[in-house]
Amino acid sequence: MRAQRVFSHAKWGSYCAPALAGILCICALFLLGCNSIVPSSSASGNANSAIPQFALPTGTVGAPYSAALFGNVESSPFLFSVSEGQLPPGLSLNPTTGLVSGSPARAGQFAFTVSIGGKELRFSTTRTYELKVDPEVSHVAMSISPLDPTITPGGKIQFSATLKNTKNPGVTWSASNGVITSTGLYTAPTSASIKSVTITATSVAQPSVQASTKISLAYPQLQIGSVNIPSAKAGTSYNAKLVASGGQTPYSWTLLSGSLPSGFQFAPSSGAITGSTKQSGTFDLTFRVTDAVGQSTQKSFALVVSGASTSNCGPPTYNCSRTDMNIVQVPVPPPNVGNLTGANTIVTDPDFSNPIVRITDWNTDPGLVAANRSFVSAGGGSADENLWNLDSSLLVLQALGGWAYPFTFDSSTMQASRMYASSFSTNGGMRMPSGNWSRVDPNIFFAHEGTALYQYNFTDRVNPPSPQLVYDFTSSSNCLPRGFNATWRTQGGNSSGDTVFSMAYSNVGIQGTGTYVVAYKVGSGCTMLNTQTGQVTGDWGSQGTIGTSDRWTVHNVKMSKDGNWLVVVRENCLSSTCVHGPYFWQIGTTNIGWCGQGGHCSGHWTEGYTHWINNPQNAQYESRSFAQDTNVLQLTPGLAHGIPTMDQHASWNNVDPNDTLPFFLSTWDRDTTQLFPGPYYNEILGIAPDGSGKVWRFAHSFITGQSQEFTATYGIGTVSQDGRFFIFTSDWMGTLGSQSGNASCTIGVDCRADVFVLQLN
């Protein structure tokens, strides 16, 4: 206390300026220097009371630190230095102010001696200090995402938590309602009465640290998605379906005002309008849809029923479809067939009168991984595959994974369903290898697996059939070698009467590497052409070397409907020269010709009973017989006039010994952002094979031309054997949702494709 009074009373002689005051200053420092400096209780003080401080505050590793040895660090009259020991690493002593500052870098108890001297007078004293540094304090911080999301009741959402300042990132999850897994996957309750849920993540390393977010549970707004009701024809079977979205399923429908035509029925549970009527005219109708929690909305439509046609609709004349050459743009948006779901929705193209039904959607096979839940009419990208049975009551299509899916098809209502759903409940129905329908029996389907041909009999529509072996192409020493490992195969098809079946194989790689072309004739056995050696072997017919020195690998093969000719398409030439082809092999002989003998052999093609049709020049089509391939008939001499580049894939799927029935095709142009410069773009057409130049126009294919799936890019499809229906693949202008199950998609990247059936009138 005495030393304090000296400092306070004399004010250190204005810091020892006068001589007398300097003497007092020396005395004060002497007293202080005798290890009797009284410690100060504060690191700060009055500007004129430089009181010494000995109990320095405790520091923390990594934290800023500042402590003054004297109260007023701006006007100290002394010089300071560390004479013994050391400051904690990371701290330093200001020699003129006595301020210890910095950020301690190491924990511990540190002792050091400070020498204190006057700036103008020659005196000094020392004092020993101790400074404790505590270890770094870890402050665990946590964040959670997503924050405040909104999902539907019963929906799922993945949460994640991020932790800082800890080496243990583990958290435990909890939810005020619903279920959340240990990995943060949350499933909301299905009850519509629960409006919000709190999700909490707790740090395993430091349980006092938590982060929370709130989930809002709400259904999307209920709305009627149908843009219009397809028009109807008096005397013709009708089937359409109203589509709703949002709200909570199931929906119920009500016809609020107006009356349906006599003979039409309305299903409140599904929104389907079906039946047949003799009435014609315009019927104004207003429908209301109500969801499971009582939300409702309504919309008005005009149902147009045209009078019964006196013309002959359908095959072979198709008098109810267009034959003009007017330019018709694809309507945007396209007719509404639903988004991810909408199977069995029937629409009518506003520019054409033929109905189109959507066959597949996101739920067609719930057992598939998301990336494979798009469906196509033909997985191999060919328009020649026979996807329809004899009377159009059964069909097959494919998923991206390669399986074939048998469907029943009601030709009067245009409704399709997967077969044997109860027997294959995990995936919604039967799956089998790809193949072709019989041309004799409507219940027989021929499938190819490995090197063998199998038969499925669908006569029993309750119990699924088992495959029955028809023929194995390794069973004859004159055919594929025993132990042959088929790494690639392509179907040539089956002939009229189901008497000849043809294939091509590779045992060394993918498409374009095969050299084995085989055909099985019922009752006779196998015949084979080896395109690498040029040798023909077989159980029947002639054997020897083909009449050309060309040797090649095979791209694909297709067979004439009479079973006598096989179109063999070249991939790579293995000899010094090869014709551009394709080659025409007379099955079971060494006789081989090639389209090059008649010229104009490019483009896509299709096969009839005895004729081959291709399009060598844009939209032009030509026909020639296999036996006389130099005689060429121009089929569409005026079709390409004024029409720029356009691609086509043709299908000629009937069995007509005279080859007089029309063949069918889908057209394609990539740039759908521009107006079409002519007719026939992105349409489904029929063409007469007699050289009359007649072209029927049935519908738009509603393709973008930019799908990442080959079959959907070109809208590839096939006509039924009876000529009444055309099955094709479309991305429907990108409105079907994404391949991952999202409602929206990016065209050309992830938009899903589905299968559609067009009625040909």
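One can find the structure itself at the top, above this paragraph.
Bear in mind that the values here come from a model prediction, so they are computed numbers and not experimental data. (Residues numbered from 1 in each chain as written. Predicted model: local features only at pLDDT ≥ 70, side-chain atom pairs only at ≥ 80, totals over all residues. Heavy atoms only, no water.)

Judged by nonpolar contacts, the single largest core of 31 residues is most densely connected at Ile-359, Phe-409, Phe-458 and Val-757. Within the residue set of this core, elements represented by two or more residues are strand 29 (394-399), strand 30 (404-410), strand 33 (444-449), strand 55 (725-730) and strand 56 (754-759). Of all the elements, strand 29 adds the most residues to this core, at five residues. (Core = buried A, V, L, I, M, F, W, Y, C linked by side-chain atoms within 4.5 Å. Buried < 20%, exposed > 50% of the residue type's maximum accessible area, 1.4 Å probe, protein only. Helix = DSSP H or I, 4+ residues; strand = E, 2+ residues; numbered from the N terminus.)

Inspection of every chain in the model, using the stated rule, returns 38 aromatic pairs. On the basis of an interplanar angle of 25 degrees and a centroid distance of 6.4 Å, the ring pair of Phe-501 and Tyr-520 is categorised as stacked. Taken as a pair, Phe-501 in strand 37 (residues 500-506) and Tyr-520 in strand 38 (residues 516-521) lie far apart in primary sequence, 19 residues in all. Its relative accessible area of 3% is what places Phe-501 among the buried residues. Taking 5.9 Å as the distance between ring centres and 25 degrees as the angle between the ring planes, the aromatic pair formed by Phe-728 and Phe-756 counts as stacked. Highlighted residues: Phe-728 in strand 55 and Phe-756 in strand 56, separated in sequence by 28 residues. Judged by its relative accessible area of 0%, Phe-728 is buried. Members of the aromatic cluster, each reached through a chain of ring pairs, are Phe-446, Tyr-471, Phe-473, Phe-484, Phe-501, Tyr-505, Tyr-516 and Tyr-520. Sitting over the ring of Phe-352, Arg-322 keeps its end group 5.2 Å from the ring centre. (Phe/Tyr/Trp six-rings, centres within 6.5 Å; stacked < 30°, edge-to-face > 60°. Lys NZ or Arg CZ within 6 Å of the ring centre and 35° of its normal.)

One pass over the structure, following the stated rule, counts four disulfides. Linked covalently through their sulfurs, Cys-313 and Cys-320 form a disulfide whose S-S length is 1.7 Å. Disulfide Cys-313-Cys-320: torsion about the S-S bond near -65 degrees, hence left-handed. By relative accessible area, Cys-320 is classed as buried at 15%. Between Cys-573 and Cys-578 runs a disulfide, and the two sulfur atoms are separated by 2.1 Å. The sign of the 80 degrees torsion about the S-S bond sets the Cys-573-Cys-578 disulfide as right-handed. (Disulfide = S-S within 2.5 Å.)

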